[in-house]
Amino acid sequence: MASNVRKGLVIAAGAVVIAGSVSVVHLWRKWIQRRSQKLEQRIEDGIGMEQLSILAKSSNVSLRRSAEQLLLDRITRRENFKFVLLCCRSQDEEQVLKACTVLCVILKSVDYRSGGMDTYILNTLADCLVRSMDASSFTKRSSDTSAPERIQRMTLAAIFDFVCDSDEKKEILLNETESVGAILNLVQQTRSKEVLRYAMFLLHQMAKCGSAHGYMIQSGAIPVFASLSVSQHGDNVLQKLCFQILVILLNTPGLNVEVFLKQIANQRVLIRAAVSCKSDDGELAYWAIALLHEFAIHSNTKHYLYTMPFLLGNLQKALKSNPAQVQRLILRIISFMALHHDKFKSEVLDNSQLMEHLPVCLASGEPDIVHWGLVLVHDLAVAGSDQDVAGKSSLEKLLGPSEDALIKAMIPLAVGKDPNMVRLMAETLGFLCSCEQLHFRLVKAGVLSIILGLSMMHDSDLAFWAAALLLNLAMTSGEVKFAILKAGGLQALVELCLGDHENSQVTTMAAKTLVMLGFTEEPLKIHLHCDSESGSVNIHNKNFYLSHPGITVMVWDTLISDELVCQNFNKENSEVIPSLALDIPSLQEAGQNIGNLVFITIKGKHCAAYLQGLKGVLHFNEDTSFSGITNLDPLTLPDNHMCAIVSQLSAPNRLDVWHLDKSDKPIDLQLQYSYGDIVNNRVYQLLLLPSLKCIDSIPAHSPISRVSELELLEVFACHNMHLQTLWDSKKLLDILTDMIWYCAEKGFESLESEPLAVAHCLGALRVLAVITTHEYYKSELLDKDTASAIVSLLFNLVNIWLASQIGQPVERVFPGRQGDTIPMPGTLTPRPVSRGDALATGGVLTDELDGDMLENTEESLLKSQTLEDTISSLGSMVQQLAHSTSHHGRETVNVTAVDSAVYTELESEARTDDQQIMYTRVAKCSALIINNLASHQNPDTIKTSQIVLNKAGATHMLWAVLLSSTDDFKNVISLPICYTLTRLVTTDFPPVSDDSVVLNPDDKTSSLIISSDCLEVRNDSWTFESIRTNHCLPQTCDASIAGWYFEVLLMSNGIIQIGWATKDCQYGPEKGVGIGDFINSCAYDGARCKKWNGPVTETLSNDYGMEWCEGDVVSCLMDCNGNASFWLHGVDMGVAFKGLDLSQGWHPACSVSSEQQLRFNFGDAPFRYGSQIPSGFVPFCQIRPPKITDETSLEEQPCSENRNNNAEVTDTNLTSPNRDVQEEESVENQDESYDSKISDATCDTNQSIHPPVGFDTPIVVDDSTDEVCPVLSPDDDTSMAEFGYSGIQGEECADTGTAMEEPITDEFFGEGGEEALQPDMDDSEFQAMGAGDEETCDGNRPISRQLYLSSAGEAGGENPTPSLYYEVAVTHSSDKPLVLGYCTMDELDHVCAVLVKSDNQIVLPDEALTHIPVDKSVIIGCGLLSPPGAIFFTIDGNPIRHLFSFSEPEAGQTPLMPCTNNPFLRINYGQDTFAYEPANQSEHRLGMAALLHNYHQRRMVGLGQAR
């Protein structure tokens, strides 16, 4: 223990000794160093300044540097440094120069820490600089004349070295308010390059300080540097500094950059910058490009860049030879310059070297370069998207002459992580695919892989672009469709249909593409080879190997066009195997694999057992084909034989065999199957069948959404195979009808909280609109109550529209499904009385009216004191119809005329935009369905459809929809509604006459809507609809004819193809194929400025003509040599097609895309540009066969036997000056409304027409002059049936209407009686007009003087306002008389007039005759006054002053409808302006709609016919 203590003490003592020794040594060394330093310092201090000066000039470098360092150390001592600064402020120029030189050396050579003297140093230097510029600031000048410049150089250098990299010192310098300005002045004044250079260096440092920008800009730095960049061009250093400083200053926040950019441009800086772009000095090129970039990104200054023709070439060269940051700026410049500047885009596209380098930029991998390169490609593709010559050329230049490097460079971008980049690429592809001729080239370049990649991304915008691109490509050709399927596009489209997308158009477009792929004509080619050693299946030039012995099963997925699974079963090791049932997992778990193809090869010693093992799997049908050994049972296979089976998986563990081959030799099969059928089968299994199950399994009123399923059904119904599937599902039609009834019964106003129910109703309507285009299914639908449901919807909509436009609800009661009356919300059950039960009481309408007063309304009118009062009362009654109320006890409402301003205001405030859009869609679909149901071509079912639809109330509600809709919506629905109305009110349905040249309704695609006169068409489906005329060009030409001519009025400006087609031209609406898309047709398309004469992929140079607009007129000409040409608004666009074979029989024809409309004029109406027709060309209507006249026409019937030869002949026809239709006027009035154009079309050139006539110039019923107005006797057998009218059945047919002799008496005209009629006319004058003569011609019933409604007995001559009114423009001469009028709904009573155009006469209901104008065309109007239920007629807008009543007095107060005997009339129900002006007022049209609305309500309530 003691020894250990001793050892510890020894060790501690030793450590202390060692530590002490080390400390002593350290202290000793420090003492030695201090002594040596003091010695060195004493030695240095001992050397004088003069001696140091001598040493500083020594040739010994080390000695010289040591001496210089000693001098610097001494001068930087505080007291010495202050002395130098004081010398800088001396009045001696020489001394200032020396002091500035010393300061420059000190601040440049020594890291001087001034110790709080920074401000003083900078003030001193700034003072030196300012004084050096003013010679008077020195009292003693230096003999050296360069002293000022030397002071400036040294001062600037000193300041630069002192403030460099120190923002604090720069801030101090900025506080010297004169410093920046002095330096800028010096830059402009100095002639010394060195001074200028140092000044620029210093200003560059100042510009790098953000706080200095304002001082510099206020001091005028930008114009100074702009000027210097021009004057110093060639000095790369100075010019680079100028450009950099300008760019820095221009990016000052809050600066009005464009003002300074204009200053820079005015000094011609841009030319120097453009030249510097290709400089070898990379920094100079960068800052020059950066300055150009500032001009490019500002829209108001980039126009300066367009004036430099060599700029683009320099930028292109710089793009190839500079680093990434420069390339980025160049691409930005070109992109901004190309934006909204077509000329520059053309220059860019013409620069082939730049176009070749763009794919390199896209493949560079640099994010900024790739981004801006893609932006540039996008903007250039926008220019190419224009459907004209330049557009196609632009896209071809963008893609390059070959290789398609651009598309290949874009493929990797489709899988990028930047969503903005991917969206930009998707939009770019959309523009590239806008040119049909490039589709196949794009597909071959690999664009499908990009599009399919986009479809897989979870982005709604990208899904939209993918669906749109696939639809666009699928419309091109069969080759492109096949390429889509080959690339696996079927799976992408199915997933797009099944996806939940924000934009419902994605689902619709994908479904449309699938429908088009279902028409793929390219077959699926299969090459199957099997021998004892190997086996393979070749599909799409790709081999799938089946080389294993035993049984091999390969499933080929038709969605992705690739192998799904391949399985092998081999029992070769067993000598004998019993009979077995093969268990193949790939067939049992079918799922979405149903519809895939299955290939089976069997070979080996147990082949017979293998085939027998498939007994429960294989199913043969009549379509199964066999080869090889065919005389055995299909499941019997001899030993050592091979078997190959091609089949389709139709259900779990079930294969439908397409082909089976058994042979003892190698099998080599070449098979092909319809790819379209394969697509349709997959669509049926994956989409159609699940959609049907979803709709069938959910009640119609369920809140579960089925909107997507309905959208799919709407599209798939366009394919006949899928349509048959829908039709076989009988429950589907009932559910669709129930969806419609649900909305009809509850009312749209009550469904505001159930928008899904309205959406389901609209979806159901859309499906039915497609189904009803097919003739086969119309009769079945008519047997259901679908028509009643749709009419009830329209009833609901009219109620809403009338309420919104009038300002209060119209009485609406909805009859229930079983005939029970169900009061709707906010309404009461109506009284079963006439619609005319409202009474005007001092301009105020009230419901608190006595019932007797309502029933005696007609009587109160008849007791009016004057005719003026009567007409006024009738007008008031019409207004009452529009303003009737729905609640008993509602407070009174003023009844005033609704002018256009109030009308618009009420309409805009009535409903939200979304509601109005939904209402119009429902109305449009409903009108289309009824149009389709009424458009039967089978004569046996026409009458049936007419009865069913009229019973449902379609006539009244369609007419009410037309009258109550807005002008824009009216233009959309007028064609189907007017066609339907004419079909529903017509009694005879003869085929289209051979003596008329019209569009052939029997030679059109199913969804095309055609007008009643067969001259106007419209397409409201998504398919491409087509039609031809009923006559074609003659195969030979008369010597006097040079060619044929017709015109087409464009009522829209979309994709329409107008031209000629033979009977061999096939339509393909679902494929997007129409007139011009087959070789035996040709067409002009003004929307895309193209001419078409064959498939798109085979049409190369097809640019033609000008772009058309809505309202333009296209003139079509064909000469006798087969040369077809077109004019647009009178301008000849040249020959489009040469040498067409006229012997093939060419028909005028057209194809129209969705929501497009146009009207033909073959010459029966005046041509718009008829005066410009080339000599020898004749209207196309003149090719019709010569008309055969009826030898027993009315014109030849004798009437002279009973004529009164002594009677005076009074010509009551009115005359007026001629009015010529001038070509100049038609050109100037191209913007007129369509109805004005049609009205003008009824007046031929050089023909007399009658001006509007009021009561001052009445058209009278002249029964006094036998020679002028022969009258048929009622005792004769003449009746309406003799004029071709067969609508009235039963004994009532004998009476065609009676003049209102009973209700209209002297009291009708007032107390004055006859004198009140003509107070200034004596009896002789009255008899001279034929009104007082009681004798008749042919014993006809006399027309009493009370029936002649003269204007003398009324003030102002106001024409009566009709309760209902329509007009017929009779433009075709015909031997068959035309019947017009009104009839009751049961057709047992009617009032009709007969127009005998060949005799220029109209036979009135009382069988009196009146003359009509002898013009080529005439407008006949027919009006109803309710009450008292009287009918009147007009001619060219002039009323015939005669009222006619029905044979049964109460018939006029019952629901009425128009009636005619000609289904080919163009009747104006209110879609155009009436020639009879009183019917055009908006409030009166609303009154007509209200009356029709009431008609339907009364009929449904009274008859209990509604659902």
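Structure: above.
These figures come from a predicted structure and were not determined experimentally.

Novice: What's the story with the overall build of the protein chain in this structure? I'm lost.
Specialist: Counting secondary structure elements, the protein chain contains 54 helices and 41 strands. Expressed as a percentage of the 1507 residues in the protein chain, the buried residues total 56%. In the protein chain, the share of contacts with a sequence separation of at least 24, taken over all contacts with a separation of at least 6, comes to 72%. As displayed, the protein chain has an accessible area near 63100 Å², and 50% of this comes from carbon and sulfur atoms.

Novice: For this particular structure, what's the right way to read the sheet that holds strand E2 (residues 535–539)?
Specialist: Strand pairing in a sheet relies on backbone hydrogen bonds, with the paired strands running either antiparallel or parallel. Pairing within the open sheet is antiparallel, and its four strands lie in the order E3-E2-E1-E11. The open sheet has two edge strands, strand E3 (542–545) and strand E11 (667–674), and neither has a second partner. Averaged over all pairs of adjacent strands, the angle between strand axes in this sheet comes to 20 degrees, irrespective of strand direction. Two strands pair when backbone bridges link them, and strand E1 (residues 523–530) and E11 are joined in this way by eight bridges, in the antiparallel orientation. Bridging from a neighbouring strand, Leu528 pairs with Leu669 of E11. Running over the sheet, helix H34 (residues 675–697) touches E1 and E11 and is turned about 65 degrees from E11.

Novice: How should I be thinking about the sheet that holds strand E35 (residues 1409–1411) in this particular structure?
Specialist: Spatially, five strands are ordered E35-E34-E33-E32-E40 in an open sheet, and the strand pairing comes out antiparallel. Sheet topology places E35 and strand E40 (1456–1460) at the edges, where each strand pairs with a single neighbour. The sheet shows a mean angle of 20 degrees between the axes of neighbouring strands, taken without regard to direction. Both strand E33 (residues 1390–1396) and strand E34 (residues 1401–1403) contribute to a ladder of three bridges, which runs antiparallel.

Novice: What's the story with the pattern of salt bridges in this structure? I'm lost.
Specialist: A pair can form between side chains of opposite charge whenever their charged atoms are brought close. The tally for this structure, following the rule as stated, stands at 31 salt bridges. The partner of Asp350 in a salt bridge is Lys397, and the shortest N-O contact between them spans 2.5 Å. Highlighted residues: Asp350 in helix H20 (residues 342–350) and Lys397 in helix H23 (residues 389–399), separated in sequence by 47 residues. A relative accessible area of 35% places Lys397 in the partly exposed class. Asp1003 is the salt-bridge partner of Arg1028, the closest N and O atoms lying 2.8 Å from each other. In this pair, Arg1028 sits in strand E19 (residues 1025–1029) while Asp1003 sits in strand E16 (residues 999–1004), placing the two residues 25 residues apart along the sequence.

Novice: Even after reading the chapter, I still don't get helix H46 (residues 939–952), so can you show me in this structure?
Specialist: Within an α-helix, residues lying three or four positions from one another point in the same direction, as the helix has 3.6 residues per turn. If you check H46, its first and last C-alpha atoms are 21 Å apart, about what 14 residues at 1.5 Å a residue would give, namely 20 Å. Buried within H46 we find Thr941, Ile942, Ser945, Gln946, Leu949, Asn950 and Ala952. One side of H46 holds all its buried residues, which, seen down the axis, span an arc of 165 degrees. With its phi angle positive at about 90 degrees, Gly953 sits one or two positions after the end of H46.

Novice: What's the story with helix H38 (residues 755–771) in this structure? I'm lost.
Specialist: Over its 17 residues, H38 extends 25 Å from the first C-alpha to the last, a length consistent with the 24 Å expected when each residue adds 1.5 Å. Of all 17 residues in H38, 14 are buried; the element is thus mostly enclosed.

Novice: I tried to follow the side chain of His357 on my own but got confused; where do I start?
Specialist: Along the chain, His357 turns up in helix H21 (residues 352–362). Once you skip the residues sitting within four places of it in the chain, His357 turns out to touch Leu319, Lys320 and Gln327.

Novice: I tried to follow the pairing of strand E20 (residues 1043–1050) on my own but got confused; where do I start?
Specialist: Sheet faces and side chains relate simply in a regular strand, where the side chains alternate between the two faces. Counting buried residues along E20, eight of its eight residues qualify, which places the element largely inside the surrounding structure. The alternating pattern of E20 places Gly1043, Tyr1045, Glu1047 and Leu1049 on one face and Trp1044, Phe1046, Val1048 and Leu1050 on the opposite face, and all of these are buried. The pairing of E20 with strand E29 (residues 1177–1179) spans three bridges and is parallel. Across the sheet, the residue bridging to Trp1044 is Val1178, located in E29. The pairing of E20 with strand E24 (residues 1113–1119) spans seven bridges and is classified as antiparallel. The residue bridging Glu1047 from the neighbouring strand is Ser1115, located in E24.

Novice: Would you mind showing me how to read the environment of Val224 here?
Specialist: Assignment of secondary structure puts Val224 in helix H12 (residues 221–231). The exposure class assigned to Val224 is buried, which follows from its relative accessible area of 8%. In this structure, the C-alpha to C-alpha distance between Val224 and Asn185, residues 39 residues apart in sequence, is 9.0 Å. With residues near it in sequence (within four places) discarded, Val224 still touches Leu184, Val187 and Gln188.

Novice: Honestly, the pairing of strand E27 (residues 1147–1152) in this entry has me stumped. Any pointers?
Specialist: Among the six residues of E27, six are classified as buried, and the element is accordingly described as predominantly covered. Here E27 shows a buried face lined by His1147, Ala1149 and Ser1151 and a second buried face lined by Pro1148, Cys1150 and Val1152. One ladder, built from four bridges, connects E19 with E27; its direction is antiparallel. Residue pairing for E27: Ile1027 is matched across the bridge by Cys1150. In the sheet, strand E21 (residues 1056–1061) pairs with E27 via six bridges, with the strands oriented antiparallel. Each residue of the ladder has a partner; that of Trp1060, found in E27, is Pro1148.

Novice: Is there a simple way to think about the packing of helix H40 (residues 786–806) against helix H45 (residues 913–934) in this case?
Specialist: Relative placement of two packed helices is described by the angle separating their axes and the distance separating the axes. One way to put it is that H40 packs onto H45 with a least axis distance of 10 Å and a crossing angle of 145 degrees. The handedness of the crossing between H40 and H45 comes out as left-handed. Contacts from Ala787, Ile790, Val791, Leu793, Leu794, Leu797, Ile800 and Trp801 in H40 reach Gln916, Tyr919, Thr920, Val922, Ala923, Ser926, Ile929, Ile930 and Leu933 in H45. Residues that form the contact of H40 with H45 fall into these classes: 14 nonpolar, three polar and no charged.

Novice: In this structure, what is going on with the nonpolar core? I would like to understand it.
Specialist: Across soluble globular proteins, you tend to see nonpolar side chains buried next to one another. Counting residues in each nonpolar core, the largest one holds 323 residues, and the members touching the most others are Met200, Met216, Phe225, Ile526 and Phe599. For this core, the leading source of residues is H40, giving 13 residues. When near neighbours in sequence (up to four residues on either side) are disregarded, Phe225 contacts Leu184, Met200, Leu203, Met216, Cys242, Ile245, Leu246 and Leu249. Counting 45 residues, the second largest nonpolar core, distinct from the first, contains Cys1014, Trp1044, Ile1058 and Val1114.

Novice: Is there a simple way to think about the packing of aromatic side chains in this case?
Specialist: Given two aromatic rings, their pairing is described by the distance between the two centres and the angle made by the two planes. As enumerated under the stated definition, the model contains 35 aromatic pairs in all. Connected via pairs of aromatic rings, a cluster forms that spans Phe1046, Trp1060, Phe1160, Phe1162 and Phe1180. Note that Lys169 overlies the ring of Phe162, its terminal NZ or CZ placed 4.0 Å from the centroid.

Novice: Please explain the packing of helix H28 (residues 460–474) against helix H29 (residues 478–486) as it appears in this structure.
Specialist: As a packed pair, H28 and H29 sit with axes 8 Å apart at the nearest point and diverge in direction by 140 degrees. Here H28 lies oblique to H29, going by the angle between them. Residues Leu470, Leu473 and Ala474 of H28 form the contact with H29, whose participating residues are Val480, Lys481 and Ile484. Of the residues belonging to the contact of H28 with H29, the class tally is five nonpolar, no polar and one charged.

Criteria and thresholds
- Residues numbered from 1 in each chain as written.
- Predicted model: local features only at pLDDT ≥ 70, side-chain atom pairs only at ≥ 80, totals over all residues.
- Heavy atoms only, no water.
- Helix = DSSP H or I, 4+ residues; strand = E, 2+ residues; numbered from the N terminus.
- Buried < 20%, exposed > 50% of the residue type's maximum accessible area, 1.4 Å probe, protein only.
- Contact = heavy atoms within 4.5 Å.
- Areas by Shrake-Rupley, 256 points an atom, 1.4 Å probe, with all protein chains shown as cover.
- Pairing = 2+ DSSP bridges.
- Axes fitted to C-alpha atoms, helices over the stretch in contact; angles between N-to-C directions.
- Salt bridge = Lys/Arg side-chain N within 4 Å of Asp/Glu carboxyl O.
- Expected span 1.5 Å × (residues − 1).
- Arc of directions from axis to C-beta.
- Left-handed = near helix turned anticlockwise from the far one by under 90°.
- Nonpolar A, V, L, I, M, F, W, Y, C, P; charged D, E, K, R; others polar.
- Core = buried A, V, L, I, M, F, W, Y, C linked by side-chain atoms within 4.5 Å.
- Phe/Tyr/Trp six-rings, centres within 6.5 Å; stacked < 30°, edge-to-face > 60°.
- Lys NZ or Arg CZ within 6 Å of the ring centre and 35° of its normal.
- Parallel < 35°, antiparallel > 145°, perpendicular 65-115°, else oblique.

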